[in-house]
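# Structural overview for review
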Amino acid sequence: MSSSVVLPINILVPVGALGLGVKESDVFARVGEAHAIACDAGSTDSGPAYLATGQAKYSRDSIKHDLSILMRAQAKAGIPLLIGSCGTSGCNEALDWTRDIALEIAREHNLSPKIALLYSEQPKELMAQKAEAGRITPLAPLKDADPAAFRACDHIVALMGPEPYIAALEAGADIVLGGRSTDSAVLAAVPL
(Lines give C-alpha, C1' and ligand atoms only; values in the text may rest on other atoms or scores of the structure.)
Protein backbone atom coordinates (compact mmCIF):
# COMPACT_ATOMS: atom_id res chain seq x y z
CA MET A 1 0.00 0.00 0.00
CA SER A 2 1.34 3.39 -0.96
CA SER A 3 2.28 5.78 1.80
CA SER A 4 1.49 8.89 -0.28
CA VAL A 5 -1.75 10.66 0.58
CA VAL A 6 -4.19 11.38 -2.21
CA LEU A 7 -7.23 13.51 -1.45
CA PRO A 8 -10.03 12.78 -1.86
CA ILE A 9 -9.85 9.02 -1.35
CA ASN A 10 -12.67 7.27 -3.20
CA ILE A 11 -13.95 3.89 -2.03
CA LEU A 12 -16.26 2.08 -4.42
CA VAL A 13 -19.03 0.34 -2.47
CA PRO A 14 -20.99 -1.55 -5.10
CA VAL A 15 -23.60 -3.15 -2.83
CA GLY A 16 -24.61 -3.29 0.83
CA ALA A 17 -23.79 -6.98 1.20
CA LEU A 18 -21.98 -9.37 -1.11
CA GLY A 19 -24.59 -11.54 -2.77
CA LEU A 20 -27.32 -8.92 -3.07
CA GLY A 21 -26.52 -8.33 -6.74
CA VAL A 22 -23.67 -6.28 -8.17
CA LYS A 23 -24.24 -4.65 -11.55
CA GLU A 24 -21.13 -5.17 -13.66
CA SER A 25 -21.59 -2.07 -15.82
CA ASP A 26 -21.87 0.16 -12.74
CA VAL A 27 -18.71 -1.26 -11.16
CA PHE A 28 -16.60 -0.98 -14.30
CA ALA A 29 -17.92 2.54 -14.98
CA ARG A 30 -16.68 3.75 -11.57
CA VAL A 31 -13.67 1.58 -10.73
CA GLY A 32 -11.27 3.95 -12.53
CA GLU A 33 -12.13 6.70 -10.02
CA ALA A 34 -11.65 4.48 -6.97
CA HIS A 35 -8.70 3.86 -4.67
CA ALA A 36 -10.30 0.67 -3.31
CA ILE A 37 -13.39 -1.50 -3.59
CA ALA A 38 -15.02 -2.37 -0.28
CA CYS A 39 -18.06 -4.43 0.58
CA ASP A 40 -19.53 -6.09 3.60
CA ALA A 41 -20.85 -9.63 3.35
CA GLY A 42 -22.80 -10.01 6.57
CA SER A 43 -25.41 -8.42 8.78
CA THR A 44 -27.09 -8.75 12.13
CA ASP A 45 -30.28 -7.36 10.53
CA SER A 46 -31.33 -10.86 9.45
CA GLY A 47 -31.35 -12.19 12.98
CA PRO A 48 -29.01 -14.48 14.91
CA ALA A 49 -29.49 -17.72 12.94
CA TYR A 50 -26.77 -16.97 10.36
CA LEU A 51 -24.32 -16.03 13.10
CA ALA A 52 -25.18 -19.10 15.15
CA THR A 53 -24.99 -21.63 12.32
CA GLY A 54 -22.25 -20.16 10.16
CA GLN A 55 -24.49 -20.56 7.09
CA ALA A 56 -24.55 -17.83 4.47
CA LYS A 57 -27.73 -15.85 3.89
CA TYR A 58 -27.07 -15.60 0.16
CA SER A 59 -26.54 -18.50 -2.21
CA ARG A 60 -23.15 -19.61 -3.45
CA ASP A 61 -24.15 -18.57 -6.97
CA SER A 62 -25.08 -15.06 -5.78
CA ILE A 63 -21.81 -14.67 -3.89
CA LYS A 64 -19.82 -15.98 -6.84
CA HIS A 65 -21.60 -13.64 -9.26
CA ASP A 66 -20.83 -10.55 -7.20
CA LEU A 67 -17.32 -11.59 -6.19
CA SER A 68 -16.41 -12.40 -9.79
CA ILE A 69 -17.29 -8.89 -10.91
CA LEU A 70 -15.40 -7.32 -8.01
CA MET A 71 -12.31 -9.48 -8.48
CA ARG A 72 -12.13 -8.69 -12.19
CA ALA A 73 -12.59 -4.97 -11.44
CA GLN A 74 -9.86 -5.16 -8.80
CA ALA A 75 -7.47 -6.79 -11.26
CA LYS A 76 -8.25 -4.26 -14.00
CA ALA A 77 -7.81 -1.24 -11.72
CA GLY A 78 -4.96 -2.60 -9.58
CA ILE A 79 -6.64 -1.40 -6.40
CA PRO A 80 -7.42 -3.31 -3.19
CA LEU A 81 -10.64 -5.27 -2.73
CA LEU A 82 -11.81 -5.65 0.87
CA ILE A 83 -14.71 -7.91 1.87
CA GLY A 84 -15.83 -8.04 5.51
CA SER A 85 -17.94 -10.57 7.42
CA CYS A 86 -17.54 -13.22 4.75
CA GLY A 87 -20.34 -15.73 4.38
CA THR A 88 -22.70 -13.57 6.50
CA SER A 89 -21.36 -14.77 9.86
CA GLY A 90 -17.64 -14.21 9.41
CA CYS A 91 -16.87 -17.47 11.22
CA ASN A 92 -13.85 -19.49 10.08
CA GLU A 93 -15.96 -21.90 8.04
CA ALA A 94 -17.71 -19.04 6.23
CA LEU A 95 -14.40 -17.31 5.53
CA ASP A 96 -12.93 -20.51 4.08
CA TRP A 97 -16.09 -20.97 1.97
CA THR A 98 -15.67 -17.47 0.53
CA ARG A 99 -11.96 -18.09 -0.06
CA ASP A 100 -12.77 -21.23 -2.02
CA ILE A 101 -15.17 -19.26 -4.21
CA ALA A 102 -12.50 -16.58 -4.76
CA LEU A 103 -9.91 -19.20 -5.75
CA GLU A 104 -12.39 -20.75 -8.19
CA ILE A 105 -13.02 -17.34 -9.76
CA ALA A 106 -9.28 -16.68 -9.99
CA ARG A 107 -8.78 -19.96 -11.89
CA GLU A 108 -11.70 -19.32 -14.23
CA HIS A 109 -10.55 -15.80 -15.12
CA ASN A 110 -6.80 -16.41 -15.05
CA LEU A 111 -6.31 -14.01 -12.12
CA SER A 112 -3.51 -14.30 -9.58
CA PRO A 113 -4.28 -11.93 -6.71
CA LYS A 114 -2.53 -12.06 -3.36
CA ILE A 115 -5.41 -12.93 -1.01
CA ALA A 116 -5.21 -12.31 2.73
CA LEU A 117 -7.59 -14.06 5.14
CA LEU A 118 -8.51 -12.43 8.44
CA TYR A 119 -9.97 -14.99 10.85
CA SER A 120 -12.10 -13.74 13.75
CA GLU A 121 -13.57 -16.87 15.32
CA GLN A 122 -12.72 -17.32 18.99
CA PRO A 123 -12.25 -20.69 20.76
CA LYS A 124 -15.29 -21.24 22.96
CA GLU A 125 -13.30 -22.95 25.74
CA LEU A 126 -10.87 -20.02 25.89
CA MET A 127 -13.81 -17.60 26.10
CA ALA A 128 -15.36 -19.69 28.89
CA GLN A 129 -12.06 -19.67 30.79
CA LYS A 130 -11.78 -15.88 30.41
CA ALA A 131 -15.35 -15.54 31.71
CA GLU A 132 -14.53 -17.75 34.72
CA ALA A 133 -11.51 -15.56 35.43
CA GLY A 134 -13.65 -12.41 35.33
CA ARG A 135 -11.88 -11.16 32.19
CA ILE A 136 -15.10 -10.67 30.19
CA THR A 137 -17.48 -7.85 31.01
CA PRO A 138 -21.02 -8.26 29.66
CA LEU A 139 -22.92 -5.51 27.94
CA ALA A 140 -26.19 -4.33 29.47
CA PRO A 141 -28.75 -5.65 30.07
CA LEU A 142 -26.79 -8.82 30.92
CA LYS A 143 -25.48 -8.96 34.46
CA ASP A 144 -22.78 -11.62 34.14
CA ALA A 145 -20.75 -13.52 31.55
CA ASP A 146 -21.80 -17.11 32.19
CA PRO A 147 -19.01 -19.51 31.11
CA ALA A 148 -21.64 -22.15 30.26
CA ALA A 149 -23.11 -19.81 27.64
CA PHE A 150 -19.76 -19.68 25.85
CA ARG A 151 -19.37 -23.46 25.98
CA ALA A 152 -22.84 -23.90 24.44
CA CYS A 153 -21.98 -21.83 21.36
CA ASP A 154 -21.17 -23.35 18.00
CA HIS A 155 -19.42 -20.21 16.74
CA ILE A 156 -18.11 -17.14 18.55
CA VAL A 157 -16.76 -14.39 16.33
CA ALA A 158 -14.94 -11.28 17.46
CA LEU A 159 -15.80 -8.07 15.66
CA MET A 160 -12.74 -6.48 14.03
CA GLY A 161 -12.08 -2.93 13.02
CA PRO A 162 -9.83 -1.59 10.25
CA GLU A 163 -6.46 -2.47 11.81
CA PRO A 164 -6.20 -6.07 10.48
CA TYR A 165 -7.25 -4.85 7.02
CA ILE A 166 -4.58 -2.16 7.10
CA ALA A 167 -1.96 -4.72 8.14
CA ALA A 168 -3.00 -7.07 5.30
CA LEU A 169 -2.77 -4.26 2.75
CA GLU A 170 0.62 -3.16 4.09
CA ALA A 171 1.78 -6.78 3.72
CA GLY A 172 0.91 -6.60 0.01
CA ALA A 173 -2.57 -8.15 -0.24
CA ASP A 174 -4.61 -7.36 -3.33
CA ILE A 175 -7.77 -8.87 -1.88
CA VAL A 176 -8.60 -9.06 1.81
CA LEU A 177 -11.33 -11.45 2.92
CA GLY A 178 -12.29 -10.86 6.51
CA GLY A 179 -14.12 -12.61 9.28
CA ARG A 180 -16.69 -10.68 11.32
CA SER A 181 -16.00 -7.00 10.75
CA THR A 182 -17.61 -3.66 11.31
CA ASP A 183 -18.93 -2.08 8.11
CA SER A 184 -16.57 0.82 8.70
CA ALA A 185 -13.54 -1.50 8.88
CA VAL A 186 -13.53 -2.24 5.15
CA LEU A 187 -14.42 1.34 4.27
CA ALA A 188 -11.85 3.04 6.51
CA ALA A 189 -8.80 0.80 6.01
CA VAL A 190 -7.47 2.47 2.85
CA PRO A 191 -8.16 6.09 3.92
CA LEU A 192 -6.54 5.45 7.29
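So, a few notes on the structure that sits alongside this text.

Let's shift gears to the side chain of Ser181. Relative to the elements of secondary structure, Ser181 occurs in the loop between β5 (175–178) and α8 (183–188). Of note is the side chain of Ser181, whose polar atom sits 2.6 Å from the side chain of Tyr165.

Below, the discussion takes up unusual backbone geometry. For residues besides glycine, phi is generally negative; the peptide bonds are generally trans as well. Cis peptide bonds are those with omega within 30 degrees of zero, and the linkage from Ala140 to Pro141 qualifies with 15°. Mapped onto the elements, Pro141 comes out in the loop between α5 (124–132) and α6 (147–151). Despite not being glycine, Ser85 has its phi angle at roughly 50°, a positive value. Judged by its relative accessible area of 1%, Ser85 falls in the buried class. You will see that Thr88, though not glycine, has its phi angle at about 75°, which is positive.

So, about the packing of helix α3 (residues 60–77) against helix α4 (residues 92–108). Where α3 contacts α4, the two axes come as close as 10 Å, and the packing angle between them is 55°. Considered as vectors, α3 and α4 are oriented oblique to each other. Read as a crossing pair, α3 and α4 show a hand that is right-handed. Residues Arg60, Ile63, Lys64, Leu67, Ser68 and Met71 of α3 form the contact with α4, whose own contacting residues are Trp97, Thr98, Ile101, Ala102, Glu104, Ile105, Ala106 and Glu108. Here the contact of α3 with α4 is built from residues that sort into 8 nonpolar, 2 polar and 4 charged.

Counting residues in hydrophobic clusters, the biggest one holds 28 residues, and the most contacted among them are Leu18, Ile37, Leu67, Leu70, Met71, Leu81 and Ile83. Broken down by secondary-structure element, the contributors of at least two residues to this core are β2 (36–42), α3, β3 (81–88), α4 and β5. For this core, the element with the highest residue contribution is α3, accounting for 6 residues. If we skip the residues at most four places from it in the chain, Leu18 touches Cys39, Asp40, Ala41, Tyr58, Ile63, Asp66, Leu67, Leu70 and Ile83. Judged by nonpolar contacts, the second largest core, of 16 residues, contains Ile166, Ala168, Ala185 and Ala189.

For Asp26, the location among the structural elements is in helix α1 (residues 24–30). Spatially, the C-alpha atoms of Asp26 and Pro14 are 7.9 Å apart, while their sequence positions differ by 12 residues.

A word on the sheet that holds strand β1 (residues 11–12). Reading across from one edge, β1-β2-β3-β5-β4 is the order of the 5 strands in this open sheet, with parallel pairing throughout. Of all strands in the sheet, those with a lone pairing partner are β1 and β4 (115–118), marking the two edges.

Let's shift gears to the pairing of β3. Within β3, 8 of the 8 residues are buried, which leaves it mostly tucked inside the rest of the structure. In the sheet, β2 pairs with β3 via 5 bridges, with the strands oriented parallel. Its bridge partner lying in β3, Ile37 is registered against Leu81. By the bridge criterion, 3 bridges tie β3 to β5 in an arrangement that is parallel.

As a further point, take the pattern of salt bridges. Evaluated as defined, the whole model comprises 9 salt bridges. In this structure, the salt-bridge partner of Arg60 is Glu104, at a minimum N-O distance of 2.7 Å. Pair noted here: Arg60 is in helix α3 and Glu104 is in helix α4, with a separation of 44 residues, a long-range link. Judged by its relative accessible area of 32%, Arg60 is partly exposed. Judged by its relative accessible area of 19%, Glu104 falls in the buried class. Among the salt bridges present, the one from Asp100 reaches Arg99, with a minimum N-O distance of 2.8 Å. Given the relative accessible area of 37%, Asp100 is considered partly exposed. A residue is classified by how much of its surface remains accessible, and Arg99, at 23% relative accessible area, is partly exposed.

Thresholds, definitions, all that
- Residues numbered from 1 in each chain as written.
- Predicted model: local features only at pLDDT ≥ 70, side-chain atom pairs only at ≥ 80, totals over all residues.
- Heavy atoms only, no water.
- Helix = DSSP H or I, 4+ residues; strand = E, 2+ residues; numbered from the N terminus.
- Polar contact = N/O pair within 3.5 Å; in protein donor to acceptor, adjacent residues only side chain to side chain.
- Buried < 20%, exposed > 50% of the residue type's maximum accessible area, 1.4 Å probe, protein only.
- Axes fitted to C-alpha atoms, helices over the stretch in contact; angles between N-to-C directions.
- Parallel < 35°, antiparallel > 145°, perpendicular 65-115°, else oblique.
- Left-handed = near helix turned anticlockwise from the far one by under 90°.
- Contact = heavy atoms within 4.5 Å.
- Nonpolar A, V, L, I, M, F, W, Y, C, P; charged D, E, K, R; others polar.
- Core = buried A, V, L, I, M, F, W, Y, C linked by side-chain atoms within 4.5 Å.
- Pairing = 2+ DSSP bridges.
- Salt bridge = Lys/Arg side-chain N within 4 Å of Asp/Glu carboxyl O.

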